[in-house]
Amino acid sequence: MDFGFRCPVILCLTLAVLASVLADLDDTLMGAPGSSVRLSENDPGLKKALKFAEDRYNMGSNTMHVRRVSKILSASKQLVKGIRYSIMVELSNTQCKKAARLMTCDFYPEEHNLKTEVCVFEVWDIPWERKSTLLKQKCQPAVDPKPVETNKVEFLSLSSSKPVEETEYLVELLGQFKEFMVRYNRTYSSKKDTERRLRIFHENLKTAEKLQSLDLGTAEYGVTKFSDLTEEEFRTLYLNPLLSQQTFQRSMKPAAMTHGPAPPSWDWREHGAVSPVKNQGMCGSCWAFSVTGNIEGQWFVKTGKLLSLSEQELVDCDTVDQACGGGLPSNAYEAIEKLGGLETETDYSYTGKKQSCDFTTDKVTAYINSSVELSKDENEIAAWLAENGPVSVALNAFAMQFYRKGVSHPLKIFCNPWMIDHAVLLVGYGERQGKPFWAIKNSWGEDYGEQGYYYLYRGSRLCGINKMCSSAIVN
């Protein structure tokens with residue numbers, strides 16, 4: 001279970017108490033291969049994972065002082081093609097400023113200066129390759145347990161002080177959930193499962209409300225077709241954790257410089273270079289959709305002909321990437337070059353699951369000659385896009401689960417640029433109501449966002465949108 005931003009106060013406190021009890025056990029409880037194993041604070045692997053998570057946190061944060069783990073609340077590991085550590089800790093300010101680079105850093109003696117946060121980290125360590133990857137980082141301010149006087153663990157428990165208001169709220173919630181089920185044709189296997197989905201739906205509403213209240217753009221967040229999924233389910237079914245694993249990326253040559261600066265706005269949809277929005281389904285194949293979308297645009301720019309190309313060919317025939325388990329655009333370009341090109345969507349249709357490779361060279365309708373990596377400067381990205389065509393990009397998709405419309409500008413705490421987990425297609429840019437934006441073609445169907453598109457604030461390197469920009473080259 002992922003607590004992240006959504007962890008209710010009492011539940012977080014309960015977990016902390018439980019973790020402290022478990023820490024008193026002398027022996028680590030061992031499970032079957034692949035199962036989760038609880039760890040003591042002295043575990044060498046845990047210490048290494050904590051140091052790595054600390055360093056990545058401090059690297060990505062805007063705080064002046066170095067922050068360190070002040071308390072380990074819980075820790076476990078799982079053998080998954082390496083070792084996956086799941087850690088809940090308290091992080092607090094030290095007296096060392098980041099620029100000082102001192103060897104020892106003491107915590108502040110005054111409690112109010114500590115600014116303690118509760119953080120959940122997931123670290124994937126591959127010792128034999130000397131590689132570590134931060135799969136997850138979610139932090140929220142630690143809550144002082146003193147003001148808590150009542151235990152409201154019960155879902156929507158009605159207090160005696162405001163029974164009328166809370167009853168009305170419950171009725172409204174049930175109405176929203178029923179409307180959601182009808183609109184998205186949801187059915188659940190049992191009463192117990194329905195109640196569980198209602199609880200998840202309620203927690204997601206609160207997350208959407210938090211995103212809404214803190215958003216700096218014009219976005220509207222709320223109920224979407226993903227509102228009955230936990231963050232973990234959403235990430236597993238629709239996102240791509242491999243994108244954040246920089247060490248697995250194939251290096252690409254840099255893109256050539258543009259001939260001039262970016263025009264004020266540009267949209268390749270208006271020039272015929274973008275195919276209709278597609279739907280990857282419950283498969284982490286966003287990388288394939290991002291790359292084929294880019295090649296569709298490149299082929300159009302060079303030939304004047306827009307083709308809908310096959311993502312399924314990549315899912316089935318790219319032997320380096322992991323199909324619905326995720327992949328990297330850099331690998332996909334190389335796979336297409338080796339295969340000899342792409343078939344059309346009609347000839348090699350999408351199924352949303354890995355099958356045996358059924359690629360036929362006789363049916364190739366588009367090919368590429370090479371691929372390039374773009375600059376990380378957003379002005380240069382815009383100039384290259386306007387001059388050359390839509391761009392394959394990746395970003396942190398946390399806020400996208402509840403996005404409905406408008407220009408999204410989530411706070412960095414919701415959209416860590418180091419935690420890239422979704423590949424998409426940049427088709428244009430412009431400005432709305434004074435907010436500069438990127439126009440992003442998504443692969444979750446036309447019933448997502450604005451007719452399948454997501455609009456993200458441009459100019460602040462939000463959500464890591466500038467970190468993984470690439471394109472195929474068609475000569």
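None of the values given here were measured: they were computed from a predicted structure. (Residues numbered from 1 in each chain as written. Predicted model: local features only at pLDDT ≥ 70, side-chain atom pairs only at ≥ 80, totals over all residues. Heavy atoms only, no water.)

*Asks:* In this structure, what is going on with unusual backbone geometry? I would like to understand it.
*Replies:* Peptide bonds are trans in most cases, and residues, glycine excluded, mostly fall at negative phi. Although it is not a glycine, K115 adopts a positive phi angle of roughly 50 degrees. Inspection of the secondary structure puts K115 in the loop between helix 3 (111-114) and strand 4 (117-126). Residue classification places K115 among the exposed residues on the basis of a relative accessible area of 57%. Positioned with a positive phi, R461 is a non-glycine residue whose angle comes to about 55 degrees. Topologically, R461 is positioned in the loop between strand 15 (453-457) and strand 16 (470-473). (Helix = DSSP H or I, 4+ residues; strand = E, 2+ residues; numbered from the N terminus. Buried < 20%, exposed > 50% of the residue type's maximum accessible area, 1.4 Å probe, protein only.)

*Asks:* How should I be thinking about the packing of aromatic side chains in this particular structure?
*Replies:* Working definition: an aromatic ring pair is given by the centre-to-centre distance plus the angle between the planes. According to the stated counting rule, one finds 21 aromatic pairs in the structure shown. Aromatic pair F226 and Y448: ring centres 6.3 Å apart, planes at 45 degrees, arrangement tilted. Here F226, found in the loop between strand 6 (220-221) and helix 6 (231-238), pairs with Y448, found in the loop between strand 14 (435-441) and strand 15; they are 222 residues apart in sequence, far enough to count as distant. Here the two residues F226 and Y448 agree in accessibility, since each one is buried. Ring centres of W266 and W268 lie 5.4 Å apart, and the angle between their planes is 70 degrees; this geometry places the pair in the edge-to-face category. Residue W266 is classed as partly exposed on the basis of its relative accessible area of 24%. Joined through ring pairs, the aromatic side chains of F226, F234, Y238, Y403, W444, Y448 and Y454 make up one cluster. The ring of F437 has R432 sitting right over it, with the charged end atom 5.7 Å from the ring centre. Sitting above the plane of the W418 ring, K467 keeps its charged end 4.3 Å from the centroid. (Phe/Tyr/Trp six-rings, centres within 6.5 Å; stacked < 30°, edge-to-face > 60°. Lys NZ or Arg CZ within 6 Å of the ring centre and 35° of its normal.)

*Asks:* Looking at this structure, I do not really get the pattern of salt bridges. What am I missing?
*Replies:* Think of it this way: side chains of opposite charge can pair up when their charged atoms draw near. Per the counting criterion, the structure on display carries 24 salt bridges. Where K136 meets E122, a salt bridge forms, and the shortest distance between an N and an O atom there is 3.5 Å. Residue K136 is found in strand 5 (residues 131-141), and its partner E122 is found in strand 4; the two are separated by 14 residues along the sequence. A single burial state applies to K136 and to E122, both of which are buried. For E450, the salt bridge identified is with R432, shortest N-O distance 3.0 Å. Residue E450 is found in the loop between strand 14 and strand 15, and its partner R432 is found in strand 13 (residues 422-432); the two are separated by 18 residues along the sequence. On the basis of relative accessible area, E450 is assigned to the buried category, the value being 16%. Since its relative accessible area comes to 27%, R432 is described here as partly exposed. Taken together, the shared-partner salt bridges connect R84, E122, K136, E232 and R235 into one network. (Salt bridge = Lys/Arg side-chain N within 4 Å of Asp/Glu carboxyl O.)

*Asks:* Would you take a moment to explain helix 7 (residues 286-303) for this structure?
*Replies:* Across its 18 residues, helix 7 extends 26 Å between first and last C-alpha, which sits within 8% of the 26 Å expected from 1.5 Å per residue. Burial of helix 7 is extensive: 15 of the 18 residues sit out of reach of the surface. Once helix 7 ends, the next one or two residues include G304, with phi positive near 80 degrees. (Expected span 1.5 Å × (residues − 1).)

*Asks:* Explanation requested: the sheet that holds strand 5 in the structure shown.
*Replies:* Sheet strands line up and pair through hydrogen bonds in the backbone, either parallel or antiparallel. What the five strands build is an open sheet, ordered 1-2-3-4-5; its pairing is antiparallel. Each of the sheet's edge strands pairs with one partner strand only, and the pair in question is strand 1 (37-38) and strand 5. As judged from the nine bridges shared by strand 3 (residues 83-97) and strand 4, these two strands associate in the antiparallel manner. Looking across to strand 4, one finds that L91 is bridged to E117. Helix-sheet contacts for helix 2 (residues 44-60) involve strand 2 (65-79), strand 3, strand 4 and strand 5, and the interaxial angle to strand 2 is about 135 degrees. Of the strands in this sheet, strand 3, strand 4 and strand 5 are in contact with helix 6, which crosses strand 5 at around 145 degrees. (Pairing = 2+ DSSP bridges. Contact = heavy atoms within 4.5 Å. Axes fitted to C-alpha atoms, helices over the stretch in contact; angles between N-to-C directions.)

*Asks:* Please explain the nonpolar core as it appears in this structure.
*Replies:* What tends to happen in soluble globular proteins is that the nonpolar side chains get buried as a cluster. In terms of nonpolar packing, the biggest core is built from 54 residues, with L426 and Y454 touching the most fellow members. Mapped by element, the contributors of at least two residues to this core are helix 5 (191-214), helix 6, helix 10 (378-388), strand 10 (391-395), strand 13, strand 14 and strand 15. Leave out the neighbours within four places in its chain, and L426 touches I381, L385, P390, V391, V393, W438, A439, I440 and I465. A53, Y57, V69 and I83 belong to the second-largest nonpolar core, a separate cluster that totals 21 residues. (Core = buried A, V, L, I, M, F, W, Y, C linked by side-chain atoms within 4.5 Å.)

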